[in-house]
Amino acid sequence: MSDKSIFSVRPVTPGHSTYLERPRVEELLDKAMATPIVLVLGGAGYGKTHAVYSYLNKRKIRTVWMQLSERDNFCDRFWENFTQSMSMLSSASAKKLAKQGFPATARQFEQYLSIPLEDVDPGARYVFVYDDLHLIHDRGVLRFLEHSITTPFFNITSILVSRKELPFNLMNFYSKGLLSTIEESELRFKKEEMESYFSMQNISAPQGILDSIYRDTEGWAFAIQIAGHYLQNLSPEGYGIHILRSNIYRLIESEVMAHMKSELRSFLIKLTLLDDASPELVRELARLHLRKHDAGKNTEAKNSDDEKKAESLLRQIEEIGSFIRFDEYRTVFSIHRLFRDYLGKSLDEITEDEKKEVYTAAADWCAANNLKMDAIGYYERAGDHGRLVAQINMLPLILPGRTERLLMDVMDRIPRDVYLKHAGAFLVYVRFLMNEGKLNEAKERVEAIVKTYEDQADSEPAGRVLADCYNNLGMINALLAPVTNDYSFAPYFEKAHYYKLKWGGEGETEEQKTTMTLRTYACLVGSPEPADMERYFAALDASASHLAVSMNGSMHGVDDLNRGEFEFFRMNLAEAEACLWEAVAKARERRQYEIEIRAYFYLMRIGLFRGDIDFEKKCHRLITAFLENQDFINRYTYYDICRGWFYAHLGECEKVTKWLKQDGEEAVLNNAIEGLELLVKSKAHLRENNYSAALLALKWARRSVGIFIMGRVEVNVLEAICRYQMGDKAAAYTTLEQARLAAEPNGFFMPFAEMGKDIRALSAQALKDNAGIPPAFLEKIRNLSSGYAKKCFQVAEYFSSKPSRFSSFGADGPGLSSREQDVLRALFQGFTQDEIAQSTLKSVNTVKSVIRRIYEKLGAANRADAIRIAMSRGFLEWSENGETIWKNPARPEQIRPLLKKPSED
């Protein structure tokens, strides 16, 4: 068979395929590339991928090529694929993206955008290709792709290759001339193009035969190629329409497979078991295949020839042409979908043992290359549950809900006897159930494990399992307490402590670095009765010493956080502050970042209540410092929530992060902390007088925080204000009374006070209307809220006039000094801190201080974020000669020249 294909003229990989020049299609792509979005639509086998591939390869445009498949409908699998594709552009950015994880929220998407920006050369052209996009139907992946594609960058074009129209809202781009489409009809071969292809392949045939072929194929590239293979090997006169119409698979068999060696044929059939595979994996599978194929031959001779034969097999694969091609953008072998379908019909030619060998080899390779989701899938297909479980055990404790549910489905298919050998994996399953809020089911499953292992408690493996089981039972019963009013969770931690001391010791583990995600409130109490609160704290105090050992320091400081939260709601601020600082100290000892930042969250609210600006600035600095802590997974979420809460109370909702103000949506965070998101969202909507949106957020909030007594108070207070502002005083008074009944037994008056002028107005009107609410209560919350409103005004006045960690641009710019402008432009140019110090004749420490001030004034998290903010607001841009300039829209005459890079010597 010829080593040329229908898509050949110039070399791509030395010694292998070349591409057919199609000036007409290239002209279409040239015109289309003038727009930021290009759609290439056509059915299977119309040469969509090859047309785009050839065009980009010929023009040497920097390209990120993403080959999509059905498996990319799982966000984590998609993200592994995406980051691997991004590594062709920048391995550093790919690693950062992999660490960040799939951006499921608007906040995470904003963070994602800042990472690739670090590698974008403003003077270069980039193309992102999303191939076989029609295979994607997952809403999360589609939302990410749509946001990525429609986020404008002046030097990036997105090419979307699909068999059908896409479910994206691109009408706005189309109407503004920012989108181009190349249809299937334009991709069909013209008659002269077909004849040029045959001529290039040294195929000659009577004009009548050529006319018949064109008529039969209707310009379908794949069918033309099949016809070409036929004409190369047989007499043209033997061609007839039945050749194409009878069965295209028969043509593949006779014209492609007939001359293929049996070892190559069986190897190709094995490859269809996998998605597109890297050369390393294909090479390993080739060795495995050859060892099987050469069984019975002289072992010494066979081993010496293994490498040569494997390389020969790879060369034969490359020579097949467009049916299987090496994708240099993604560095994988890609099998044409129609050819894959044909080969898939012959899977019964290989044994089940051979299939298992292929799956196992693929799984091992994926595991070694940190593609855990793919490894789990292949181990399951191989039936290797032991290694499947080992991979699951290596996953983070916190995963997106969809990924957790996928893994739970996998784990449900694992035979029960496997868990007797790998109980740790079963506890991972339990953790997923807890994250999904299925606490009773989680409890039943853990209790079943305990029954299995109690008879073996004197053995080390069983003892370790029981320690983990009792820790989980303690957590589950504590989380159920708001509903059950059963606070007898301390004995479980005591048992865990016993088994941990006996078998586990106090060595540091990964769990120590990651707190089990706190709920919206630290206090896990649902009853308004003070006696129940006392019982809860007694159980918590009894658990504290056991937790320190049984969970290796995880949750260290949670008792002080609980007490600080309780006293804060009771407005005993001195006691609250002391407990919260103690929680900070303990949390820092064991790196319990979530406990620490929760303490700062309440300390920030204390500073706001007091009107203490210096204290407030200190809290903001401490919260912002977490952005540099790579070990804290939820740092950006908590930063945005703290920032959002603060500015919502100041009435400056334009500074609340966008994802916290989206209308008509339930929470986007995991179940454990979604209540915080929804409370901030409702406060922001309320401040913007969008009461309907606030009520919708509160409706969702009731599901996650309504079981907590503190949550019922806060939600009812906010709903009462919304109802009042909407003119429904009767509903407002009813809801306010519900808030009173929940709050008064424990003296939880802070949620009323924190709503300032809104509660002041509502309580005053309720007094005037004799609303049926105790007047003494109304007088008290009116006075408290009035005092809070005054203090809040003082803080707002300061933070509106002074740039802070939480501030953003004003109308006249970010207020950067000349030195700060110089340093920011140098950062944009790629200068290091040492180089900036040399250029400005300042010390490195001075430069670091300047950079910190830049981040503070811009409200930026890092270098990329600062540059993105400055460019998006029009203060930083490229001049016509390619230099970076600082421009103030309020004073356009102020343009500063570029810093000069220090000499190498």
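Please read these numbers as outputs of a predicted model, since none were measured by experiment.

Engineer: Could you clarify how one ought to interpret the overall build of the chain in this entry?
Structural biologist: Secondary structure summary: the chain contains 44 helices and 12 strands in total. When burial is assessed residue by residue, the chain has 57% of its 905 residues classed as buried. Of the contacts made within the chain by residues no fewer than 6 positions apart, 70% connect residues no fewer than 24 positions apart. Accessible surface for the chain amounts to roughly 37,500 Å². Of this, 49% is attributable to carbon and sulfur atoms.

Engineer: Which parts of the structure should I look at to understand the packing of aromatic side chains?
Structural biologist: To describe a pair of aromatic rings, you give the distance between the ring centres and the angle between the ring planes. Applying the stated criterion to the full structure yields 44 aromatic pairs. Relative to phenylalanine 82, the ring of phenylalanine 78 lies with its centre 6.0 Å away and its plane at 20°, an arrangement referred to as stacked. In this pair, phenylalanine 78 and phenylalanine 82 are both assigned in helix α3 (residues 75-86), 4 residues apart and thus about one turn of the helix distant. Pair check on accessibility: phenylalanine 78 and phenylalanine 82 agree, each one buried.

Engineer: What should I look at first to understand the pairing of strand β3 (residues 37-41) in this one?
Structural biologist: Within a regular beta strand, the side chains point alternately toward one face of the sheet and then the other, so they alternate between its two faces. Burial of β3 is extensive: 5 of the 5 residues sit out of reach of the surface. Going residue by residue along β3, you find Ile37, Leu39 and Leu41 tucked away on one face and Val38 and Val40 tucked away on the opposite face as well. Pairing analysis gives 5 bridges linking β3 to strand β6 (residues 156-162), with the strands arranged parallel. Residue pairing for β6: valine 38 is matched across the bridge by isoleucine 159. In this sheet, strand β7 (residues 179-182) lies alongside β3 in parallel orientation, the contact comprising 4 bridges. Counterpart to isoleucine 37 in the pairing with β7 is leucine 179.

Engineer: It is not clear to me how the sheet that holds β3 should be interpreted in this structure. Could you clarify?
Structural biologist: The strands that make up a sheet are held in pairs by hydrogen bonds between backbone atoms, and each pair lies either parallel or antiparallel. Pairing is parallel in the open sheet, where 5 strands are placed in the order β4-β5-β6-β3-β7. One side of each edge strand has no neighbouring strand; the edge strands of this open sheet are β4 (62-67) and β7. Across the sheet, the mean angle separating the axes of adjacent strands is 15° when strand polarity is ignored. On top of the sheet, helix α6 (residues 139-150) reaches β3, β5 (126-131) and β6; it is set at about 155° to β5, its chief contact.

Engineer: Looking at this model, I keep getting lost on the pattern of salt bridges. Mind explaining?
Structural biologist: Pairing is possible between side chains of opposite charge, provided their charged atoms come close. Tallied over the full model, the rule gives 40 salt bridges. Its salt-bridge partner being lysine 31, residue glutamate 27 comes within 3.7 Å of it at the nearest N-O pair. Of this pair, glutamate 27 and lysine 31 both sit in helix α1 (residues 23-32), 4 residues apart, which is roughly one turn of that helix. Glutamate 27 sits in the partly exposed class, given a relative accessible area of 44%. Here arginine 287 and glutamate 284 are joined by a salt bridge, their closest N and O atoms 3.0 Å apart. Within this pair, arginine 287 and its partner glutamate 284 are both found in helix α15 (residues 279-293), separated by 3 residues, close to a single helical turn. Each of the salt bridges in this network shares a partner with another, and the network as a whole consists of Arg71, Asp72, Arg77, Asp275 and Asp374.

Engineer: Is there a simple way to think about the nonpolar core in this case?
Structural biologist: Membership of the largest hydrophobic core comes to 191 residues, with the highest contact counts inside it found for Leu268 and Phe752. Sorting elements by how many residues they give to this core places helix α25 (residues 460-484) first, with 13 residues. Apart from residues lying up to four places away in sequence, leucine 268 is in contact with Met260, Ile317, Ile320, Ile324, Phe339 and Leu343. Ranked by size, the runner-up nonpolar core spans 36 residues in total, among them Ile37, Leu41, Tyr130 and Val141.

Engineer: I tried to follow unusual backbone geometry on my own but got confused; where do I start?
Structural biologist: What you tend to see is this: most non-glycine residues have negative phi, and most peptide bonds are trans. Positive phi values are uncommon outside glycine, yet lysine 60 reaches one of about 55°. Looking at the element boundaries, lysine 60 is found in the loop between α2 (48-59) and β4. With relative accessibility at 60%, the residue lysine 60 sits in the exposed group. Here the phi dihedral of aspartate 132 falls at roughly 60°; this positive angle occurs in a residue that is not glycine. Here aspartate 132 shows up in the loop between β5 and α6.

Engineer: Explain helix α43 (residues 844-858) to me, please; I cannot follow it from the model alone.
Structural biologist: Given 3.6 residues per helical turn, the α-helix brings residues three or four places apart onto the same face. Along its 15 residues, α43 runs 21 Å from first to last C-alpha, staying within 8% of the 21 Å computed at 1.5 Å per residue. Along α43, the residues that are buried comprise Val847, Val850, Ile851, Ile854, Tyr855, Lys857 and Leu858. Looking straight down α43, one finds its buried side chains confined to an arc of 170°; they lie on one side.

Engineer: How should I be thinking about the side chain of arginine 519 in this particular structure?
Structural biologist: Along the chain, the position of arginine 519 falls in the loop between α27 (510-513) and α28 (530-550). Buried charged residue arginine 519 carries no salt bridge. Nearest counter-charge: glutamate 594, at 8.1 Å.

Engineer: Looking at this structure, I do not really get helix α30 (residues 573-589). What am I missing?
Structural biologist: When the terminal C-alpha atoms of α30 are compared, their 24 Å separation across 17 residues agrees well with the 24 Å that a helix rising 1.5 Å per residue should span. Along its buried surface, α30 packs onto α29 (558-569), α31 (593-610), α32 (613-625) and α38 (750-753). Once α30 finishes, arginine 591 follows within two positions and takes phi at roughly 55°, a positive value.

Engineer: How should the environment of arginine 519 be read in this particular structure?
Structural biologist: Residue arginine 519 is classed as buried on the basis of its relative accessible area, which comes to 16%. Separated by 40 residues in the primary sequence, arginine 519 and leucine 479 place their C-alpha atoms 8.6 Å from one another.

Engineer: Even after reading the chapter, I still don't get the confidence of the model for the chain, so can you show me in this structure?
Structural biologist: Reading predicted coordinates in detail is not appropriate for stretches of low pLDDT. Counting all residues, the mean pLDDT for the chain is 80, and 80% of those residues have values of 70 or more. Here residues 505-515 scores under 50 on pLDDT; set against residues more than four positions off or in separate chains, the count is 26 contacts. Ignoring residues within four places in sequence, the model shows residues 878-905, a span with pLDDT below 50, making 64 contacts including any to other chains.

Engineer: Is there a simple way to explain the environment of valine 715 in this structure?
Structural biologist: Take valine 715: it is sitting in helix α36 (residues 709-725). Beyond its immediate sequence surroundings of up to four residues, valine 715 is in contact with Leu679, Leu698, Ala701, Arg702 and Val705.

Engineer: In this structure, what is going on with the side chain of arginine 22? I would like to understand it.
Structural biologist: As for its placement among the helices and strands, arginine 22 is situated in the loop between β2 (18-19) and α1. A distance of 3.1 Å separates a polar atom in the side chain of arginine 22 from a polar atom in the side chain of glutamate 193. Apart from the residues within four sequence positions on either side, arginine 22 is in contact with Leu187, Arg188, Phe189 and Glu193.

Engineer: It is not clear to me how the packing of α30 against α31 should be interpreted in this structure. Could you clarify?
Structural biologist: Running from N to C, α30 and α31 point in directions that differ by 155°, and their axes come no closer than 9 Å. By the angle between their axes, α30 is roughly antiparallel relative to α31. Where α30 crosses over α31, the handedness of that crossing is left-handed. Contacts between α30 and α31 involve Leu573, Ala574, Ala576, Glu577, Leu580, Trp581, Ala583, Val584, Ala587 and Arg588 from the first element and Ile595, Glu596, Ala599, Tyr600, Tyr602, Leu603, Ile606, Phe609 and Arg610 from the second. Residue composition of the contact of α30 with α31, grouped by class: 15 nonpolar, no polar and 4 charged.

Engineer: For this particular structure, what's the right way to read the environment of glutamate 582?
Structural biologist: Here glutamate 582 is to be found in helix α30. Note: C-alpha distance between glutamate 582 and glycine 557 (25 residues apart in sequence) is 7.4 Å.

Engineer: Can you help me understand the packing of helix α37 (residues 729-743) against helix α39 (residues 756-768) in this one?
Structural biologist: Describing two packed helices takes the angle between their axes plus the distance from one axis to the other. With their axes 11 Å apart at the nearest point, α37 and α39 run at an angle of 105° to one another. On the basis of their axis angle, the class for α37 and α39 is roughly perpendicular. Packed against α37, whose contacting residues are Lys729, Ala732, Tyr733 and Leu736, the element α39 presents Ile759, Leu762, Gln765 and Ala766 at the interface. Here the residues of the contact of α37 with α39 sort into 6 nonpolar, 1 polar and 1 charged.

The rules behind each value
Residues numbered from 1 in each chain as written. Predicted model: local features only at pLDDT ≥ 70, side-chain atom pairs only at ≥ 80, totals over all residues. Heavy atoms only, no water. Helix = DSSP H or I, 4+ residues; strand = E, 2+ residues; numbered from the N terminus. Buried < 20%, exposed > 50% of the residue type's maximum accessible area, 1.4 Å probe, protein only. Contact = heavy atoms within 4.5 Å. Areas by Shrake-Rupley, 256 points an atom, 1.4 Å probe, with all protein chains shown as cover. Phe/Tyr/Trp six-rings, centres within 6.5 Å; stacked < 30°, edge-to-face > 60°. Pairing = 2+ DSSP bridges. Axes fitted to C-alpha atoms, helices over the stretch in contact; angles between N-to-C directions. Salt bridge = Lys/Arg side-chain N within 4 Å of Asp/Glu carboxyl O. Core = buried A, V, L, I, M, F, W, Y, C linked by side-chain atoms within 4.5 Å. Expected span 1.5 Å × (residues − 1). Arc of directions from axis to C-beta. Lys, Arg positive; Asp, Glu negative; His and termini not counted. pLDDT = per-residue confidence, 0-100. Polar contact = N/O pair within 3.5 Å; in protein donor to acceptor, adjacent residues only side chain to side chain. Parallel < 35°, antiparallel > 145°, perpendicular 65-115°, else oblique. Left-handed = near helix turned anticlockwise from the far one by under 90°. Nonpolar A, V, L, I, M, F, W, Y, C, P; charged D, E, K, R; others polar.

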